[in-house]
Amino acid sequence: MTFAIDDHTFVRQELHTPLPPPRRNIGVLGWMRENLFSSILNTLLTLFGLLLVVLILPPLVRFLILDAVWTGDNREACLAPGTGACWPFVKAKFGQFIYGFYPIDQRWRVNIVFALGAALLVPLLIPSIGQKRLNALLFFGAYPIVAFILLTGGNIDASAFLFQHFGLFSGLAGASVAGVKLAFWLDFLLTAGLVTGLGAVIGAALGDARGVARIVASVFLGLGIITLLWDIDFGLQPVETRQWGGLLVTLVIGVTGIVTSLPLGILLALGRRSKMPIVRLLCIIFIEFWRGVPLITVLFFATYMLPLFLPAGANPDGLLRALVGVALFTAAYMAEVVRGGLQAIPKGQYEGAMAMGLTWSQMMRLIILPQALTLVIPGIVNSFISLFKDTTLVLIVSIFDFLGQLRAAFTDPNWASPVTLYTGFAFAGIVYFIFCFGMSRYSMFVERRLNTSHRH
Amino acid sequence: MKRLLSTLALAGVFGLSAAGAQAAKLDQVKSKGFIQCGVSQGLPGFSTPDDKGNWTGLDVDFCRAVAAAIFDDPTKVKFTPLSAKDRFTALQSGDIDILSRNTTWTITRDTSLGLNFTGVTYYDGQGFMIRKDKKVNSALELSGASVCTQTGTTTEQNLADYFRANNMTYEVIAFATNDEVVKAYDAGRCDVLTTDRSGLAGERLKLTNPDDHIVLPEVISKEPLGPVVSHGDDQWFDIVKWVLFAQLNAEELGVSSKNLDEQAKSANPEIKRLLGSEGKFGEGMGLTNDWGYRIIKHVGNYAEMYDRNVGPDTPLKLARGTNALWNKGGLQYGMPIR
């Protein structure tokens with residue numbers, strides 16, 4: 001018995017090509033149906049949004065571009081009724097917005113600092129460019145030193161270290177080479193030698209004379225190199241920080257605050273979670289103190305109250321005082337953000353690391369902190385952005401940041417007009433937006449790259 | 001005192017020699033080579049940065065005049081822009097040498113803050129601005145008006161005093177900053193704008209139609225604005241005081257920066273004494289005898305300083321009024337140099 005196979009049975013070999021989706025589900029129309037008009041509520045919201053755009057956008061464009069005045073020498077240009085933004089005002093004051101009262105013929109130094117900062121920062125931020133270690137070393141190590149010399153003019157005139165206060169080396173008082181005082185450096189070397197020796201003695205008691213001495217000596221070496229570089233007279237005209245202003249000050253405070261507050265914050269957060277009671281207590285006191293006082297109070301105290309307590313000669317620079325205040329203030333906030341990250345790491349991670357025999361610092365460096373920090377990137381960037389905008393508070397201690405410079409420019413009677421105020425604030429808004437939006441976009445990019453949201 | 005104590009304490013600790021903890025201000029200024037002058041953070045005509053970033057204004061020029069008297073160089077002055085809140089603290093802490101920041105001379109400030117007012121560089125007073133079409137010609141017709149003003153200033157208090165004294169009602173609409181006040185007034189949120197009359201001139205420039213507004217004739221408060229120094233150094237006080245008197249005397253005698261060299265040859269003994277060719281008045285203050293000559297040469301007399309910053313040729317267009325010399329119907333009076 002045979003089975004006859006019906007050769008004519010039709011077996012389809014390939015899948016039927018799907019029909020195109022209904023026209024109302026594709027293209028612009030479909031996208032709109034899905035995203036803008038998917039329900040009654042969404043439809044209403046869309047219409048409301050459209051209304052807002054129609055209400056806001058045309059007047060904005062008209063004010064900023066179409067009706068704006070682009071040329072002129074003083075307020076007369078911007079007085080015609082119905083004029084929009086008075087851009088010549090921004091043009092005339094642009095130098096002040098960027099550099100403050102920095103001497104005009106010295107502004108190239110600020111430009112170099114800006115360019116150098118960008119040249120070092122951009123490769124640091126782009127993951128595909130190699131040499132990160134060298135780049136970071138240059139940006140965090142060498143750049144601040146160079147920027148300091150360029151911006152202030154260097155030649156800090158280091159004159160008395162330690163023993164000179166007791167009258168030692170007074171015979172060499174006048175001797176100097178290229179702005180560097182010999183007496184100071186003799187004093188420095190003597191002190192370094194003595195302290196290193198002292199370190200060795202203490203180290204011997206602890207059982208490691210050489211190690212301690214080496215650490216002490218390298219601290220002095222680092223300090224010495226930085227001080228020497230700052231002390232040499234490069235022939236740059238000194239520019240006091242009082243003359244700095246505008247975006248320069250905003251960036252100096254913002255960047256310094258950002259760069260110093262993160263490591264300080266991490267240390268404080270670790271300290272607060274430490275099992276050593278004194279360390280923990282000190283960290284808690286520090287954090288709660290700085291979080292408990294407003295930034296304005298900190299700045300005011302640092303600027304006007306501190307000189308009352310310091311001896312007459314010791315009067316640290318005004319900007320420096322504000323910088324320290326801002327850095328410590330932000331560090332306290334940063335500490336709490338980082339602590340949040342540390343607490344989110346499951347206990348198993350700690351136990352696993354300890355089971356592998358890692359020391360505490362290895363555990364933190366290799367296992368815990370990388371995870372904790374990636375978790376709190378949004379919080380960290382949040383702090384950075386708010387710090388960047390809070391820098392504006394330094395105006396109350398007579399440091400003119402970008403916004404302060406803008407407000408001062410408003411009072412120039414040669415540019416007083418009905419639109420000057422709006423123009424200035426529009427310009428400031430654009431500048432701040434560029435910086436803050438840039439930071440937030442970059443943080444989103446980093447988050448995506450590190451894939452912190454635990455999506456699977 | 002605290003400062004002195006802490007200085008001594010620290011000096012003791014560090015074994016420093018606390019030589020001259022409170023050296024004379026003039027010597028301090030001479031040795032550091034410049035004057036530190038506190039000005040306002042921006043007030044049209046009084047202190048404001050120009051397009052090149054130089055501070056300009058009446059308050060600023062006065063500090064330059066002091067620098068000219070001491071150093072023969074009006075650029076030897078550094079400016080600290082101060083807010084109203086911290087101006088006195090800055091002076092008390094020694095952060096600045098002179099406060100020249102449209103500060104009203106009042107008894108509280110002069111006596112209880114440890115400060116000395118050296119004179120009056122500008123006689124100001126609070127006034128009212130109103131739209132012309134309201135057809136009001138006197139502040140006494142303002143009953144029931146809404147008034148725009150800045151919060152937390154003496155302006156608000158003067159306003160209350162004036163309306164109460166004249167049995168009138170009013171409504172205050174107050175804002176934190178001057179710019180907001182002007183915008184609110186311009187938008188018609190209130191009938192009247194009140195602040196110092198020099199301020200009104202500046203605010204007027206920011207209005208959409210400045211010509212539609214008038215300043216009422218009444219001046220409801222006395223605001224004598226002048227430079228301030230701290231207690232404890234009478235020589236410094238004298239110098240700052242006499243710089244202004246020299247400028248006023250120069251105007252009275254017709255000596256200006258333009259005709260200075262002709263006038264220096266004048267036989268008029270008053271001019272000779274002012275410019276230092278007769279007498280030793282500069283040395284009495286620790287300066288050189290040509291201190292007056294230096295001031296006029298670099299900064300000019302009072303009229304020049306006034307006209308350059310707030311006078312009729314500037315956007316502010318302020319008439320001399322009470323700031324005219326005493327012999328021209330005003331209040332400015334330079335004490336005699338002899």
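Please read all numbers here as calculations on a predicted model, not as lab measurements.

J.: Let's hear about the domain arrangement of chain A: which residues, and what values?
T.: How large an interface is tends to be reported as the accessible area lost when its parts come together. Structurally, chain A comprises domain 1 (23-66) and domain 2 (77-102 + 245-456). For domain 1 of chain A and domain 2 of chain A, the distance between their C-alpha centres works out to 36 Å.

J.: Tell me about the state of the cysteines, and name the residues and values.
T.: Scanning the entire structure with this criterion turns up three disulfides over all chains. A disulfide bridge connects Cys-78 of chain A with Cys-86 of chain A, and the sulfur atoms are separated by 1.9 Å. Disulfide Cys-78 of chain A-Cys-86 of chain A: torsion about the S-S bond near 65 degrees, hence right-handed. The same class applies to Cys-78 of chain A and to Cys-86 of chain A, which are both buried. Each sulfur of the disulfide joining Cys-148 of chain B and Cys-190 of chain B lies 1.9 Å from the other. For the disulfide bridge between Cys-148 of chain B and Cys-190 of chain B, the dihedral angle about the S-S bond is near -105 degrees, and by the sign convention the bridge is left-handed. In this pair, Cys-148 of chain B sits in strand E9 (residues 145-150) while Cys-190 of chain B sits in the loop between helix H7 (178-186) and strand E11 (192-196), placing the two residues 42 residues apart along the sequence. Each member of the pair, Cys-148 of chain B as well as Cys-190 of chain B, is classed as buried.

J.: Can you break down unusual backbone geometry residue by residue, with the values?
T.: Even without being a glycine, Lys-135 of chain B presents a positive backbone phi close to 55 degrees. If you trace the backbone, Lys-135 of chain B turns up in the loop between strand E8 (126-131) and E9.

J.: Which residues make up the packing of helix H13 (residues 360-375) of chain A against helix H14 (residues 377-390) of chain A, and what values go with them?
T.: All names here are of chain A. Taken N-terminus to C-terminus, the directions of H13 and H14 make an angle of 60 degrees; their axes are 5 Å apart at the nearest point. Note on element contacts: H14 touches H13 through Ile-377, Pro-378 and Ile-380, opposite Leu-373, Thr-374 and Leu-375. For the contact of H13 with H14, the per-class residue count stands at five nonpolar, one polar and no charged.

J.: Could you give an account of the pairing of E9 of chain B, naming the residues involved and the relevant values?
T.: Within a regular strand, side chains alternate between the sheet's two faces. Residue and element names in this part refer to chain B. Counting buried positions over the six residues of E9 gives five, a clear majority of the element. In this sheet, strand E10 (residues 170-175) lies alongside E9 in parallel orientation, the contact comprising six bridges. Note that in E10 the partner of Cys-148 across the bridge is Ile-173. A crossover connection joins E9 to the parallel E10 through helix H6 (residues 154-165); in handedness this β-α-β unit is right-handed. Where E9 and E11 come together, two bridges link them in parallel fashion. Looking at the pairing, Cys-148 lines up with Leu-193 of E11.

J.: Can you explain the domain arrangement of chain B? Please cite residues and give values.
T.: Residues and elements named next belong to chain B. Each assigned domain of chain B is listed with its residue range as follows: domain 1 (24-123 + 224-328) and domain 2 (126-221). For domain 1 versus domain 2, the separation of C-alpha centres amounts to 31 Å. Facing the six residues of domain 1 at the interface are five residues of domain 2. The largest share of the area that domain 1 buries against domain 2 comes from Pro-315, Leu-316 and Leu-318, three residues that together contribute 55% of it. Where domain 1 touches domain 2, the interface holds zero salt bridges. Put simply, domain 1 and domain 2 have zero residue pairs in polar contact (both at pLDDT 80 or more) between them. Classifying every residue of the side of domain 1 that touches domain 2 gives six nonpolar, no polar and no charged.

Reading guide: rules and limits
Residues numbered from 1 in each chain as written. Chains lettered and ligands numbered in written order. Predicted model: local features only at pLDDT ≥ 70, side-chain atom pairs only at ≥ 80, totals over all residues. Heavy atoms only, no water. Domains from an automatic or database assignment. Disulfide = S-S within 2.5 Å. Buried < 20%, exposed > 50% of the residue type's maximum accessible area, 1.4 Å probe, protein only. Helix = DSSP H or I, 4+ residues; strand = E, 2+ residues; numbered from the N terminus. Axes fitted to C-alpha atoms, helices over the stretch in contact; angles between N-to-C directions. Contact = heavy atoms within 4.5 Å. Nonpolar A, V, L, I, M, F, W, Y, C, P; charged D, E, K, R; others polar. Pairing = 2+ DSSP bridges. Right-handed = clockwise from strand over helix to strand, strands pointing away. Buried area = accessible area lost by both parts, 1.4 Å probe. Salt bridge = Lys/Arg side-chain N within 4 Å of Asp/Glu carboxyl O. Polar contact = N/O pair within 3.5 Å; in protein donor to acceptor, adjacent residues only side chain to side chain.

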